[in-house]
Amino acid sequence: MFPQNSNDPNRPDRVEELGTYEMIWDCKFCGNKNLPAKTHKFCPTCGAAQDPQSRRFPSDEEKIAVKEHVSKGASLICPACGTPNDGDSQFCMQCGAPLDQAARAKTVGSEVRAENQSFAAGQERDLAQERLAEDLPKAPVTAGKPNPLIFIIGAIVLLLICGGIILALTAKRDATATVVGHDWQRIIYVDRFTSVRDNAWDDQVPADAYSVSCSERQRSSRQVPDGEECAVRRVDNGDGTFSERRECNTVYRDEPVYDDYCSFTVNRWVPDREIQSSSAQAAAPFWPSADLTSGSSLGAERENRRSESYIVLLDVDGQRYECAVNQSAWQEAEEGRTFNISIGVITNAPDCSALEQ
Ligand SMILES: [Zn+2]
Ligand SMILES: [Zn+2]
C-alpha cells in the first residue's frame, strides 16, 4: 500500500478504499475492443495474447468489479510469447518459458475526478506510435549557459569602482590650522511626572492604570475545521486491475477571536524640557540652574541626563573649520595656537585628533 508518511504534504487526510475493478484492453489482431484485462488474458475471438500495453481505464458505466482481489504486483510479460502472467509466476502459463528475466507491465498511472463527475474511458492506444516515440533519440538539451567570463569582468570592474571611491574618500592633504575661537554648549534634560493616556489588550494593562474602559474587539483569528473536500482517484495496479479510492482533505475556515481592548491612564516620567547654557552667555562653560519642581506627585520634575559639547574654531588659509573635542583639549587650544592637521580632499572634513594629543 502507500506509505504512512504524515509529513508528505500531498498525502490526503483521509483515504477510503472504494473497490478494485478490471482494466480493459483492445485486441490489435481482430479489432475486438473493451475486453476485461483481469479475466481475459487472451482474445475470446481470435485467441491472441493480451498486450498489457493496450490496457486502459474503462468508463464508470462500464467498469467491472473484481471480488476479493489479491495484489501480486504488476503482470510479468513472457519474454518468449508476450503473454501477461500473474506478478508472482515462475513460468509462463501459455508456453512454459521461465519468467525470472521477464519485464513487468507498465501502468498508465492514475487519474483523479471530482466526486460529482464520472470517469470517461481511457483513450485507445496507438501502440506503434508509442513504441516509435520511445525509440527516438532524445535531442540533447543545449540551455544557453551564461559565459563565466562576463561575471569575472563584472566583478573586477565593480572592485575597481569601489576601490576608487574608497581611495577618493580617504585622500587627505596636510594643512596648518590656527585657533580663532571657541564654542561650548551644555544641556540638562528634564522629565516631568505626567498622566498619560494609552491603550492595550486587557492582559497587558499596567497594574497601576486607572480610568480604565474596555470594549470587545477582534484580536486574532483561529482556523477551525469546516467539513472536507473529497475527490476520487483510480490507480492502475499493473495486473489488469485498478483500485478506486476516495481521498479527502479537511477544509478550514477563519474564526475571529475576540478580547477586551482597553484605554487607560497611567502616571509616568516623560521627557519634558531641556535647559541650555552656551558660549553666547559666557566664555567659560557653566551648567544652567535647573530649578526643578521637586516631589513625586503629578507635575514633579527630575533630571534625566546631561550633555556637553566643546568646539574649537580653526582657520586654514582663510577657510573656517570646526573641531568637536573633549573639554581639556578645548581648554588647551588657546587662541592663536597652531596645529598640523589633515583635511579630506573630497570631504573637506578636518581630522581633529591632532587637537586631542
Ligand atoms: Zn482478437
Ligand atoms: Zn510464454
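Here the residue numbering is sequential within each chain, running from 1 through the sequence in written order. Lettering of chains starts at A and numbering of ligands starts at 1, both following the order in which they are written. For a predicted model such as this one, the threshold for reporting local features is a pLDDT of at least 70, and the threshold for listing and counting side-chain atom pairs is 80 or more; totals across whole chains, interfaces and linings nevertheless cover every residue. The side-chain quantities take in all heavy atoms of the structure and omit both hydrogens and water.

Enquirer: Any chance you could break down the coordination of the zinc ion (ligand 2) for me, citing the residues and the numbers?
Expert: For a metal with four tetrahedral donors the ideal donor-metal-donor angle is 109.5 degrees, whereas six octahedral donors ideally subtend 90 or 180 degrees. Any N, O or S atom lying within 2.8 Å of the metal counts as a donor, with the limit raised to 3.2 Å for Na, K and Ca; because water is left out of the atom set, some sites can appear incomplete. Taken together, C78 (SG), C81 (SG), C92 (SG) and C95 (SG) make up the protein donors of the zinc ion (ligand 2), found 2.2 to 2.4 Å from the metal. Coordination geometry of the zinc ion (ligand 2): the 4 donor atoms subtend angles of 104 to 119° at the metal centre, consistent with an arrangement described as tetrahedral. Each donor residue of the zinc ion (ligand 2) lies on the same chain, and together they follow the pattern C-x2-C-x10-C-x2-C. Relative accessibility under 20% of the residue-type maximum defines a buried residue, over 50% an exposed one, and the middle range a partly exposed one, all with a 1.4 Å probe and only protein chains included. The class of C81 is partly exposed, set by a relative accessible area of 33%. All geometry calls rest on donor angles, where a four-donor set with angles between 85 and 135 degrees is tetrahedral, four- and six-donor sets with opposite donors more than 155 degrees apart and all others between 65 and 115 are square planar and octahedral, and all else is irregular.

Enquirer: Could you give an account of the sheet that holds strand 4 (residues 76-77), naming the residues involved and the relevant values?
Expert: Each strand in a sheet pairs with another by means of backbone hydrogen bonds, the pair being arranged parallel or else antiparallel. In this scheme, strands are said to pair when DSSP sees at least two bridges between them. Counting from the N terminus, the helices are the DSSP runs of H or I reaching at least four residues and the strands are the DSSP runs of E reaching at least two. Sheet architecture is open: 3 strands sit in the order 5-4-6, paired in antiparallel fashion. The open sheet terminates on both sides in strands that have one partner only, identified here as strand 5 (84-85) and strand 6 (103-104). Judged from the 2 bridges that link them, strand 4 and strand 6 form a sheet pairing that is antiparallel. In the strand pairing of strand 6, I77 is matched with A103.

Enquirer: Could you give me a rundown of the environment of A177, with the residues and numbers involved?
Expert: Positionally, A177 belongs in strand 8 (residues 172-201). In this structure, A177 is in contact with L314, D315, V316, R337, T338, F339 and I341, ignoring residues within four places of it in sequence. What makes two residues a contact is simply this: any of their non-hydrogen atoms within 4.5 Å.

Enquirer: Give a description of the nonpolar core that names residues and reports values.
Expert: Among the nonpolar cores identified, the biggest contains 19 residues, and V312, L314, V325, I341 and L355 are the most heavily contacted of them. For this core, the secondary-structure elements that each account for two or more residues are strand 8, strand 11 (301-316), strand 12 (319-325), helix 3 (327-332) and strand 13 (338-344). Apart from residues lying up to four places away in sequence, L355 is in contact with V312, L314, C323, V325, A329, F339 and I341. In these notes, a set of buried Ala, Val, Leu, Ile, Met, Phe, Trp, Tyr and Cys residues joined through side-chain atoms within 4.5 Å is what counts as a nonpolar core. If you look at the next biggest cluster of nonpolar residues, it comprises 10 residues, including A37, C43, A48 and F242.

Enquirer: Summarise the pairing of strand 10 (residues 241-278); cite the residues concerned and give the values.
Expert: If a strand is regular, its side chains alternate between the two faces of the sheet. Across 8 bridges, strand 1 (residues 14-22) lies against strand 10 in antiparallel orientation. For E17, the partnering residue across the bridge sits in strand 10 and is R245. By the bridge criterion, 17 bridges tie strand 8 to strand 10 in an arrangement that is antiparallel. Bridge assignment links V190 to a residue of strand 10, and that residue is R273. Relative to strand 10, strand 9 (residues 210-236) is paired through 22 bridges, and the arrangement is antiparallel. Of the residues in strand 10, the one forming a bridge with R234 is E244. Counting the residues between successive antiparallel strands, the hairpin from strand 9 to strand 10 contains 4 residues, one of them, G238, with a positive phi of roughly 85°.

Enquirer: Run through the environment of P206, naming residues and quoting values.
Expert: Relative to the helices and strands, P206 resides in the loop between strand 8 and strand 9. Residue P206 is classed as partly exposed on the basis of its relative accessible area, which comes to 27%. Residues P206 and T265 lie 59 residues apart in sequence; the distance between their C-alpha atoms is 9.4 Å. Beyond its immediate sequence surroundings of up to four residues, P206 is in contact with F264, V266 and R268.

Enquirer: Before we move on, can you summarise the pattern of salt bridges with the specific residues and values?
Expert: Put simply, a salt bridge is a Lys or Arg side-chain nitrogen that is within 4 Å of an Asp or Glu carboxyl oxygen. Overall, the coordinates contain 26 salt bridges when judged by the stated rule. As a salt-bridge pair, K63 and E244 come within 3.0 Å of each other at their nearest N and O atoms. Here E244 lies in strand 10 and K63 lies in the loop between strand 3 (35-36) and strand 4, a separation of 181 residues in the sequence. Taking the relative accessible area as the measure of exposure, K63 reaches 22% and is therefore partly exposed. Between D226 and R253 there is a salt bridge, and its shortest N-O distance comes to 3.7 Å.

Enquirer: Any details on the side chain of D26? Residues and values, ideally.
Expert: Turning to its location among the elements, D26 is positioned in the loop between strand 2 (24-25) and strand 3. Any N or O atom pair separated by 3.5 Å or less is treated as a polar contact, with the protein-specific requirement of one donor-capable and one acceptor-capable atom, and with residues adjacent in sequence counted only for side-chain atom pairs. Within the structure, the side chain of D26 is placed 3.2 Å from the backbone nitrogen of N34, a separation counted as a polar contact. Beyond its immediate sequence surroundings of up to four residues, D26 is in contact with N32, K33, N34, S54, R56 and E124.

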